[in-house]
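# What the coordinates show
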Amino acid sequence: MTKASSTESGAADPDTLRLFFALWPDETTRHALDRTGKWLHQHWGGRRMRAETLHITLAFLGSTPADQLDALTACADTVRTDAFELVLDQAGYWRHNRIGWLGASQTPPPYVELVGALNAALREAGYCVDARPHVPHVTLLRNSVGGAVPECEPVHWPIRDFVLVVSRRESDGMHYDVIRRWPLA
Ligand code: ATP
Ligand code: MG
């Protein structure tokens with residue numbers, strides 16, 4: 001059963017929301033990520049993501065009926081993961097979508113547990129989430145040319161919660177609104 005399907009056009013219908021679960025940076029981490037974006041842009045060019053949009057997607061739902069919010073909340077409520085630190089220390093580039101990103105050379109076990117538990121709960125409830133192997137990453141550049149991978153200054157991100165986000169396309173780009181938050185133990 002598929003309750004949600006993703007579209008690239010965004011959710012025009014007011015009863016539908018374009019949703020995803022994510023890690024959202026605290027202010028200090030956001031500044032550090034933004035500085036890394038500025039630095040990577042000097043190497044690889046492209047379009048920098050605005051600081052307030054920086055995040056890691058944990059599970060992507062896409063266009064979803066708004067009346068599913070309670071059911072999604074129930075899925076996220078089942079996740080039990082301790083708080084942890086994520087060290088983002090590796091720049092990466094995907095040629096197929098020209099994205100420059102910051103990732104982790106070591107994925108901590110609680111991260112794997114969090115992504116696994118959340119996606120499993122969503123799948124069990126009938127949501128259609130990405131089954132491809134998950135690569136933890138913060139998109140920093142779009143339309144980037146990439147190149148030799150430069151050594152980068154690690155960003156230490158204390159992960160204390162995860163969030164549900166609505167994605168809206170506006171004339172000046174994508175806007176993301178955090179609508180719910182789940183603290184980690
Ligand atoms: P645009 O689609 O206009 O380029 P965007 O990708 O930033 O903008 P969304 O498509 O709403 O905005 O995606 C929100 C988040 O979910 C982004 O981090 C995006 O990389 C991620 N995402 C989008 N589609 C998928 C997918 N099919 N599987 C996994 N993650 C996805
Ligand atoms: Mg997209």
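See the structure above.
These notes cover the structure that comes with them. Remember, predicted model here, so these are calculated numbers, not experimental data.

### Describing the sheet that holds strand 6 (residues 99–103)
Taken in spatial order, the four strands of this open sheet run 2-7-6-5, and their pairing is antiparallel. Strands at the two margins of the open sheet, each flanked by one partner only, are strand 2 (47–48) and strand 5 (90–94). Note: strand 6 against strand 7 (residues 137–142), four bridges, orientation antiparallel. Among the inter-strand pairings, Gly-103 is bridged to a residue of strand 7, identified as His-137. On the sheet, helix 1 (residues 27–44) packs against strand 2, strand 5, strand 6 and strand 7 and is oriented at approximately 45° with respect to strand 7.

### Overview of the sheet that holds strand 10 (residues 173–183)
Read from one edge of the open sheet, four strands run 3-1-9-10, paired in antiparallel fashion. The strands lining the two open edges of the sheet, one partner per strand, are strand 3 (56–65) and strand 10. With direction set aside, neighbouring strand axes in the sheet form an average angle of 25°. Strand direction decides the pairing type here: strand 9 (residues 161–170) and strand 10, joined by ten bridges, are antiparallel. Bridge pairing links Arg-169 to Met-174 in strand 10.

### Re a negative patch on the surface
A contiguous patch of negative charge on the surface is contributed by Asp-13, Asp-15, Asp-67 and Asp-70. With respect to the helices, strands and loops of the structure, Asp-15 is situated in the segment before strand 1 (16–23). Look at Asp-15 and you get exposed, because its relative accessible area is 54%.

### A closer look at the environment of Pro-108
Tracing the backbone shows Pro-108 in the loop between strand 6 and helix 3 (109–124). Pro-108 sits 59 residues away from Met-49 along the chain, and the two C-alpha atoms are 25 Å apart. Apart from residues lying up to four places away in sequence, Pro-108 is in contact with Phe-84, Glu-85 and Leu-86.

### Description of the environment of Ala-59
Among the secondary structure elements, Ala-59 is positioned in strand 3. Ala-59 gets classed as buried once you look at its relative accessible area, which sits at 3%. Spatially, the C-alpha atoms of Ala-59 and Arg-160 are 17 Å apart, while their sequence positions differ by 101 residues. In contact with Ala-59, other than residues within four places in its own chain, are Phe-20, Phe-21, Leu-118, Asn-119, Leu-122 and Val-129.

Parameters at a glance
Residues numbered from 1 in each chain as written. Chains lettered and ligands numbered in written order. Predicted model: local features only at pLDDT ≥ 70, side-chain atom pairs only at ≥ 80, totals over all residues. Heavy atoms only, no water. Pairing = 2+ DSSP bridges. Helix = DSSP H or I, 4+ residues; strand = E, 2+ residues; numbered from the N terminus. Contact = heavy atoms within 4.5 Å. Axes fitted to C-alpha atoms, helices over the stretch in contact; angles between N-to-C directions. Patch = residues over 30% accessible without salt bridge, like charges linked within 9 Å, V, L, I, M, F, W, Y side chains within 5 Å. Areas by Shrake-Rupley, 256 points an atom, 1.4 Å probe, with all protein chains shown as cover. Salt bridge = Lys/Arg side-chain N within 4 Å of Asp/Glu carboxyl O. Lys, Arg positive; Asp, Glu negative; His and termini not counted. Charge placed at Lys NZ, Arg CZ, Asp CG, Glu CD. Buried < 20%, exposed > 50% of the residue type's maximum accessible area, 1.4 Å probe, protein only.

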